[in-house]
Amino acid sequence: MAAGGVAAVPLAARFAALWSSLERVGRDPSTGGYRRFAWTEADRALRDWFAGQAADRGMTCEVDRNGNLWAWDGEAADGAVVTGSHLDSVPDGGAFDGPLGVVSAFLAVDELRDRVDRPRRPVAVVAFADEEGARFGVACAGSRLLTGALDPAAARTLTDRDAVPLAEALRAAGVDPEGLGRDERALARIGAYVELHVEQGRALADLDAPVAVATAIVPHGRWHLAFRGAADHAGTTRLADRQDPMLPFAAAVTSARALAEQAGAVATVGRVQVAPNATNAVPAAVDAWLDARAADDAVLDALVAGVTEAAHAAAHGVQVTCTEESRSPAVRFDAALRDRIRAVLGDVPLLPTAAGHDAGILAAEVPAAMLFVRNPSGVSHSPAETADPEDCVAGIEALAAVLEELACR
């Protein structure tokens, strides 16, 4: 299982070469951001890249029933040590969120092969499908389907902004939508899952540390706010006669900010659609999406309820509905696995996160853990997202040490 002498080439150079092989895929030259949406041409190119990396290493590449990609170092078997992340992005997202974990996973496998002739446990690299939910609206769709947290019938009916159903997009990509659902075979193969991810904040920059171990993910979710009024003339319709959905929408946005500040939480309305979207017309409808995250579930529930109440109070004849699209409860990562990893890495920081991850979904089913790599600016979900190459190498070395501990001891 030797890696063919990769150690002869410095890890920093190997990281730079592998990282550059992904840099152009799905990048918008006008913004510098990435548009790597699930089941698109960019996604196909990323999946081909993954399969190519597996083939270059003599690894067996598989696609599970939910479209997740697996690369096996040796024979696939139960109880494996699995590492990876995702390759898709938010609209105009950064380069590191997701792909850093997959690139690091392949390079960590290379490092492990140079250190160990044959691990005691199988090792696999995974790229979960549609983690960001940018196209079909449900985050961590691939891992949610695998664990049964997302109903396959409901998933098949999800549509993108062009009204393309997920089922149709899957068929076009060669995945059978009727096969979606909880995958007991895949779950049995995961003895432990470790995901490396760029930090989505600047705690490590303040702590002057390149790598951290995750402790927990705070509860978070997405809600669709629908406001239905009546289109009318902007000049001739009296204010008292209007059913203007912009009014409760505005109340929802301002209340989300105020309530989040009061609760020590965060709330964001980052997507909105207006119809008919004309300057001289009272809108007929407004659709908005609320992202909210809080320290515990009770605070999160109260925040969303408060936003909905504020919208109803400003309705003025407009119909207001709030529908939960996805919800992730608080996650505490496996304590024994976390402590074992920290013992290997030494006195590295322990950090919670308010960002959702596939590791958080898997944690309900298998021992799961996360490593964070320092983000010097703290900016994420933006073209400005970055990580220093030296820190990325430190992350790969940490991940390789963890794989050696879990697969060989």
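Up top is the structure these notes are about.
Right, let's walk through the structure included here. (Residues numbered from 1 in each chain as written. Predicted model: local features only at pLDDT ≥ 70, side-chain atom pairs only at ≥ 80, totals over all residues. Heavy atoms only, no water.)

Glancing now at the overall build of the protein chain. Helix and strand counts for the protein chain come out as 13 helices and 15 strands. Projected onto its principal axes, the C-alpha coordinates of the protein chain cover approximately 80 × 45 × 40 Å. Residues classed as buried in the protein chain amount to 56% of the 409 residues present. Residue pairs at least 24 apart in sequence account for 78% of intrachain contacts in the protein chain once pairs closer than 6 positions are excluded. Between the centroid of the 37 positive side chains of the protein chain and the centroid of its 57 negative side chains there is a distance of 1 Å. (Helix = DSSP H or I, 4+ residues; strand = E, 2+ residues; numbered from the N terminus. Buried < 20%, exposed > 50% of the residue type's maximum accessible area, 1.4 Å probe, protein only. Contact = heavy atoms within 4.5 Å. Lys, Arg positive; Asp, Glu negative; His and termini not counted. Charge placed at Lys NZ, Arg CZ, Asp CG, Glu CD.)

Okay, the packing of aromatic side chains next. In this structure the tally under the stated criterion is eight aromatic pairs. The interplanar angle of 25° and the centroid separation of 5.7 Å between the aromatic rings of Phe-15 and Trp-19 together place this pair among those described as stacked. Of the two residues, Phe-15 and Trp-19 are both situated in helix α1 (residues 11-20); the distance of four residues between them amounts to about one turn of the helix. By the burial criterion, Phe-15 is buried, and Trp-19 matches it. (Phe/Tyr/Trp six-rings, centres within 6.5 Å; stacked < 30°, edge-to-face > 60°.)

For strand β11 (residues 285-293), the buried fraction is high: nine of the nine residues fall into the buried class. Here β11 shows a buried face lined by Ala-285, Asp-287, Trp-289, Asp-291 and Arg-293 and a second buried face lined by Val-286, Ala-288, Leu-290 and Ala-292. The sheet contact formed by strand β7 (residues 220-228) and β11 spans nine bridges and is antiparallel. For Leu-225, the partnering residue across the bridge sits in β11 and is Ala-288. (Pairing = 2+ DSSP bridges.)

The next point concerns the nonpolar core. If you look at the biggest cluster of nonpolar residues, it comprises 55 residues, and the most contacted ones within it are Trp-49, Phe-50, Leu-100 and Phe-106. Here the element with the most residues in this core is helix α13 (residues 389-408); it accounts for eleven residues. Residues in contact with Leu-100, not counting those within four places in the same chain, are Phe-15, Trp-19, Leu-196, Val-198, Val-373 and Cys-392. (Core = buried A, V, L, I, M, F, W, Y, C linked by side-chain atoms within 4.5 Å.)

Moving on: the sheet that holds β11. As summarised here, the arrangement of the four strands in space is β9-β11-β7-β12, forming an open sheet in which the pairing is antiparallel. This sheet does not close on itself; its edge strands, each paired only once, are β9 (266-275) and β12 (319-328). The average undirected angle you get between the axes of adjacent strands in this sheet is 15°. Against the sheet, helix α9 (residues 246-263) contacts β7, β9, β11 and β12, and its axis sits at roughly 170° relative to β9. (Axes fitted to C-alpha atoms, helices over the stretch in contact; angles between N-to-C directions.)

The contact between helix α3 (residues 99-115) and α13 brings their axes to 8 Å, and the two run at 55°. Regarding the angle of α3 to α13, the classification is oblique. Crossing hand, α3 versus α13: right-handed. Every residue of α13 that contacts α3 at Leu-100, Ser-104, Ala-105, Leu-107, Ala-108, Val-109, Glu-111, Leu-112 and Arg-115 is listed here: Cys-392, Ile-396, Glu-397, Leu-399, Ala-400, Ala-401, Leu-403, Glu-404 and Cys-408. A per-class count over the contact of α3 with α13 returns 13 nonpolar, one polar and four charged. (Parallel < 35°, antiparallel > 145°, perpendicular 65-115°, else oblique. Left-handed = near helix turned anticlockwise from the far one by under 90°. Nonpolar A, V, L, I, M, F, W, Y, C, P; charged D, E, K, R; others polar.)

Here we come to helix α10 (residues 297-313). Over its 17 residues, α10 extends 24 Å from the first C-alpha to the last, a length consistent with the 24 Å expected when each residue adds 1.5 Å. Those residues of α10 not exposed but buried are Leu-300, Leu-303, Val-304, Gly-306, Val-307, Thr-308 and Ala-311. Where α10 is buried, its residues meet β7, α9, β9, β11 and β12. (Expected span 1.5 Å × (residues − 1).)

Looking now at the environment of Val-282. Among the secondary structure elements, Val-282 is positioned in strand β10 (residues 281-282). Taking relative accessible area as the criterion, Val-282 reaches 3% and is therefore assigned buried. Once the C-alpha coordinates of Val-282 and Val-116 are considered, the two residues, 166 residues apart in sequence, prove to be 68 Å apart. With near-sequence residues (within four places) excluded, Val-282 lies in contact with Ala-230, Ala-231, Asp-232, His-233, Ala-234, Arg-242, Gln-243, Asp-244 and Pro-276.

Time to look at the packing of α1 against α3. One can describe the packing of α1 onto α3 by two numbers: an axis separation of 11 Å at closest approach and a directional angle of 135°. With respect to α3, the axis of α1 lies oblique. Where α1 crosses over α3, the two elements pack in a sense that is right-handed. Contact residues: α1 offers Leu-11, Arg-14, Phe-15, Leu-18 and Trp-19, while α3 offers Pro-99, Leu-100, Val-103, Phe-106, Leu-107, Asp-110 and Glu-111.

Counted by the stated rule, this structure contains 28 salt bridges. A salt bridge links Arg-293 to Asp-291; the nearest nitrogen and oxygen atoms lie 2.7 Å apart. Each member of the pair, Arg-293 as well as Asp-291, is classed as buried. Residues joined by salt bridges that share partners form a network here, namely Arg-14, Glu-111, Arg-115, Arg-340, Glu-404, Glu-405 and Arg-409. (Salt bridge = Lys/Arg side-chain N within 4 Å of Asp/Glu carboxyl O.)

Time to look at α3. In a regular helix each residue adds 1.5 Å, so 17 residues correspond to 24 Å; α3 covers 24 Å between its end C-alpha atoms and thus fits that length. Counting buried residues in α3 gives 15 out of 17 residues, a clear majority hidden from the surface.

Right, let's get into unusual backbone geometry. Geometrically, the link from Ala-275 to Pro-276 is a cis peptide bond, its omega value of 5° lying close to zero. Tracing the backbone through its elements, the reader meets Pro-276 in the loop between β9 and β10. Here the phi dihedral of Trp-39 falls at roughly 65°; this positive angle occurs in a residue that is not glycine. With respect to the helices and strands, the residue Trp-39 is situated in the loop between α1 and α2 (41-56).

Keep in mind these numbers describe shape, not what the thing actually does.
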